[in-house]
Amino acid sequence: MITVEEAEKIILAQVTDYGAEIVPFELALGRVLAENIKADRDLPPFNRVTMDGIAVNYDAIESGISTFRIKATQAAGDPPVAIEEQNECVEIMTGAVLPASADTVIRYEDLKLRAGLATLVTNQIKRGQNIHYKGHDKKQDDIVANIGQCVSPALIGLMASVGETELRVKKMPRVVIISSGDELVDVNETPTPYQIRRSNSYTVKSVLKQHGLLADTLHIPDEPATIKKQLAICLENYDVLLLSGGVSMGKFDYIPKALNDLKVNQLFHKVKQRPGKPFWFGRHDDGKLVFAFPGNPVATFMCLHRYFLPWLQASLGINEKPPLFAVLNNRYSFHQPVKCFLQVKLHFNEYCQLMAAPVEGNGSGDFANLADTDAFIELPLERNEFKRGEVFKVWRF
Ligand code: AMP
Ligand code: MG
């Protein structure tokens, strides 16, 4: 049986580039940029007034003038109004372009306005105040977003501001989520006392959706001929098959054999870990990948976060994020020769340290616990006793 690190290495050796496609920028949330985006003009594109008030030339203030005649009012979007006399000002609004003849903006709070005149009520004026200068944030042709960056709401706003209505993003692999098991009924059916509703596909689908990947789903029975037929169709139509169930030692666990018959080469079967020991991973000669997770909902969930998502992120060329570590909040013992992935609840303590409190649950079948926890903490294989205060890697969900 291989270790978690060996399994990870085998999977990451199968990182695949699925190319790029153009999408409308508003639909690009969660996708990964496949192009650098440049500013189409300076940001801001002109000397932008940042306060409502008046624009003046500071020389006037220096020469002792403290009352100005309001020459005109300039709203945001209006062409600039020129000041001709020293004692003139322009009443001006936030977002307006600063007239070339002015260099300073005084906010209403520092003025008294009366009968077309504006009088200073402060002597705390500085030349150049309340102006956001042209090109101060970015110059035209500066890169504002990079290849490998995830499209966030803030980035969508930035794209709008530089007029990028279409974005070149990394193509997602075509993924099908396949659940298996004759004991499982659809959520809309009424289970017999011996059946359960299937949930894995819904969980996996939601996780993928959070990562911008829309996957199809399929349920297959524990019947060898049907399994083989359905998997063959999936291998034709998808890049990645994400299975749950049917890979353990049970009499009705037909999946590994069916995959083998379909020429999907097994790259490993079984990993020294709990939950998720029977995890099976393989690759068809044509490059299609099969992640076959054990059916226990917690095992499927753990394997998805620990193996599939890092593979997906690497395949999409996402700028690598450093791994997350947390401090174990309670001592914990684990006496099995496999690596323990323990469900934890995370919080920051008063020193801003990320603390992980184990929530043990009732083994890998206890998925009710998942909704109450935040992450799996990955405890080293070589040890059995883990002390409060020790730091380990965590996989947030
Ligand atoms: P298996 O890996 O097929 O032996 O399944 C292990 C356990 O997980 C069994 O108790 C199954 O009933 C359960 N299980 C398998 N698939 C699902 C699923 N899609 N939703 C909920 N439970 C499942
Ligand atoms: Mg099963």
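So, here's what we can say about the structure. (Residues numbered from 1 in each chain as written. Chains lettered and ligands numbered in written order. Predicted model: local features only at pLDDT ≥ 70, side-chain atom pairs only at ≥ 80, totals over all residues. Heavy atoms only, no water.)

1. Regarding helix α4 (residues 200–210)
As a reminder, the rule being used: Using a 1.4 Å probe on the protein chains alone, a residue whose accessible area is under 20% of its type maximum counts as buried, one over 50% counts as exposed, and one in between counts as partly exposed. The helix count covers DSSP runs of H or I at least four residues long, the strand count covers runs of E at least two residues long, and both are numbered beginning at the N terminus. Regarding the arc, it is the one traced by the directions from the helix axis to the C-beta atoms. Note on definitions: a residue-residue contact is assigned when non-hydrogen atoms from the two residues lie within 4.5 Å.
Within α4, the full set of buried residues consists of Asn200, Ser201, Val204, Val207 and Leu208. The arc that holds the buried residues of α4, viewed along the axis, is 135°, so those residues lie on one side. Looking at α4, the residues exposed on the side facing more than 90 degrees away from the buried face are Lys209 and Gln210. Buried-residue contacts for α4 involve β13 (175–180), β16 (216–220), β17 (240–244) and α7 (297–315). Of the residues one or two after α4, glycine 212 is the one with positive phi, at around 80°.

2. Describing the nonpolar core
For clarity, the cut-off: Here, nonpolar core means buried Ala, Val, Leu, Ile, Met, Phe, Trp, Tyr and Cys residues that are tied together by side-chain atoms lying within 4.5 Å of each other.
In this structure, Leu208, Leu242, Phe279, Phe291, Phe308 and Trp311 are the most contacted members of the largest nonpolar core, which totals 39 residues. Looking at this core element by element, the count peaks at 10 residues for α7. By size, the runner-up hydrophobic cluster in this structure holds 19 residues, among which are Ile178, Ile220, Ile227 and Ala258.

3. Section: the sheet that holds strand β20 (residues 280–284)
The pairing of strands in a sheet happens through backbone hydrogen bonds and is either parallel or antiparallel. As a reminder, the rule being used: We treat two strands as partners when DSSP finds at least two bridges between them. Orientation is described by axes fitted as lines to C-alpha atoms, over the contacting stretch for helices, and by angles from 0 to 180 degrees between their N-to-C directions.
Within the open sheet, the 6 strands sit side by side as β16-β13-β17-β21-β20-β18. Their pairing is mixed. This sheet does not close on itself; its edge strands, each paired only once, are β16 and β18 (264–269). The mean inter-strand angle of the sheet, taken between neighbouring strand axes irrespective of direction, is 20°. Here β20 runs beside strand β21 (residues 289–293); their pairing, made up of 4 bridges, is antiparallel. Bridge pairing links phenylalanine 281 to phenylalanine 291 in β21. In the packing of helix α1 (residues 4–12) onto the sheet, the strands contacted are β18, β20 and β21, and the crossing angle to β18 comes to about 155°. Its contacts with the sheet put α7 on β13, β17 and β21, and the angle it makes with β21 is roughly 160°.

4. A few points about the site of ligand 1
Put simply, the test is: Proximity is defined per residue: any heavy atom of the residue falling within 4 Å of a molecule or strand makes that residue near it. Whenever two N or O atoms come within 3.5 Å, that pair is a polar contact, provided that in protein one can donate a hydrogen and the other can accept it, and provided that, for residues adjacent in sequence, both atoms are side-chain atoms. Computed with the Shrake-Rupley method and a 1.4 Å probe, the accessible areas treat only the protein chains shown as cover for residues.
In the vicinity of ligand 1 lie 15 residues, with Glu183, Ser199, Gly246, Gly295 and Asn296 positioned nearest. One of the backbone N or O atoms of glycine 295 is found 2.8 Å from an oxygen atom in ligand 1. The contact in question runs from an oxygen atom of ligand 1 to an N or O atom on the backbone of asparagine 296, over 3.2 Å. In isolation ligand 1 offers 480 Å² of accessible surface; the protein chains occlude 79% of this area.

5. A closer look at the pattern of salt bridges
Operational definition: The rule for a salt bridge is simple: a side-chain nitrogen of Lys or Arg has to be within 4 Å of a carboxyl oxygen of Asp or Glu.
Applying the stated criterion across every chain yields a total of 19 salt bridges. Linking glutamate 62 and arginine 127 is a salt bridge whose minimum nitrogen-to-oxygen distance equals 3.3 Å. Highlighted residues: glutamate 62 in helix α2 (residues 58–62) and arginine 127 in the loop between β9 (117–120) and β10 (131–132), separated in sequence by 65 residues. Classification of arginine 127 by relative accessible area gives partly exposed; the value is 43%. Linking arginine 69 and glutamate 88 is a salt bridge whose minimum nitrogen-to-oxygen distance equals 2.8 Å. Here arginine 69 is found in strand β5 (residues 67–74), whereas its partner glutamate 88 is found in strand β6 (residues 88–92), with 19 residues between them in sequence.

6. Concerning unusual backbone geometry
A cis amide bond links leucine 43 to the next residue, proline 44, at an omega of -15°. Mapping proline 44 onto the fold places it in the loop between β2 (37–38) and β3 (48–49). Backbone torsion omega between arginine 274 and proline 275 reads 0°, so that peptide bond is classified as cis. Residue alanine 115 is not a glycine yet carries a positive backbone phi of 50°. Residue position: alanine 115 is located in the loop between β8 (111–114) and β9. Phi angles above zero are rare outside glycine, and lysine 263 is one such case at about 65°. Along the chain, lysine 263 turns up in the loop between α6 (255–261) and β18.

7. Quick word on the pairing of β21
Most of β21 sits inside the fold, with 5 of its 5 residues counted as buried. Pairing of β17 with β21 involves 5 bridges; the strand directions are parallel. Directly across from leucine 243, in β21, lies its bridge partner alanine 292.

8. Here's the deal with the environment of alanine 100
As for its position among the elements, alanine 100 is in the loop between β6 and β7 (104–107). What makes alanine 100 exposed here is its relative accessible area of 86%. With 43 residues separating them in the primary sequence, alanine 100 and asparagine 57 have C-alpha atoms 9.5 Å apart.

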